[in-house]
Amino acid sequence: MSRLVRALFGIPAAVVLISVGTTAVASAATGKPSGAPPEGSIGVWCVSTTGAKACFGQYGDKVWVKDTKANGDSAAGTIYNTDSGSDWYRECFNTRGADGGWVMCDFDVPENRQGLLWAANKPFVGNENSTKIWTTVI
């Protein structure tokens, strides 16, 4: 078998083997326009940082994100586990700008898990802040 043929068959096989051994469950989405989250309700947590606000609702596993500063940067809301029961995270992006209002992402997350909700302006390199969450509906 030629080197090219071995390489073409070998790379996908290696990817499958690596994927099978991976336990992290990740999801990222650009949020859809939405009304404001039900802040103050049982099972809803919110956190803010300069330029972004994010909320998580246990019922329905929803993440809302609002860009709060007209600076040309996106905003994001991220939830992920902090316990050893599973390895997952979900990320919702608001690319609509400060005048674009709230966006919402509808995720599915493991129940009965501790986690963190992060709000980030200029995701991955900008301002961020977090608060603890719990993924079980009360």
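Above this note sits the structure.
Let us look at the structure shown here. Along each chain, numbering runs from 1 in the same order as the chain's sequence is written. Two thresholds apply to this predicted model, a pLDDT of at least 70 for residue-level local features and 80 or more for giving and counting side-chain atom pairs, whereas whole-chain, interface and lining totals are computed over all residues. Side-chain numbers come from the whole structure's heavy atoms, not from hydrogens or water.

**Some remarks on the state of the cysteines**
Simply put, disulfide is the name for a covalent bond between the sulfur atoms of two cysteines.
Here is step 1: Cysteine sulfur atoms are paired as a disulfide whenever they come within 2.5 Å of each other. Across all of its chains, the model carries two disulfides by this definition.
Here is step 2: With its sulfur 2.0 Å from that of its partner, C46 forms a disulfide with C55. Handedness of the C46-C55 disulfide follows from its S-S torsion of about 110 degrees: it is right-handed.
Here is step 3: A simple rule labels every residue: compare its accessible area, found with a 1.4 Å probe on the protein chains alone, to the largest value its type can have, and call it buried under 20%, exposed over 50%, or partly exposed in between. Classification of C46 by relative accessible area gives partly exposed; the value is 28%.
Here is step 4: Given a relative accessible area of 0%, C55 falls into the buried group.
Here is step 5: Paired through a disulfide, C92 and C105 show a sulfur-sulfur distance of 2.1 Å. On the sign convention where negative means left-handed, the S-S torsion of about 75 degrees between C92 and C105 marks this disulfide as right-handed. Of the two residues, C92 is situated in strand β7 (residues 88-94) and C105 in strand β8 (residues 102-106); the sequence distance between them amounts to 13 residues.
Here is step 6: Residue C92 is classed as buried on the basis of its relative accessible area, which comes to 0%.
Here is step 7: For C105, a relative accessible area of 4% translates into the label buried.
Here is step 8: If you count the bonded cysteines of the chain from the N-terminus, they pair up as 1-2, 3-4. Each helix is a run of DSSP H or I of at least 4 residues and each strand a run of E of at least 2, with the numbering of both proceeding from the N terminus.

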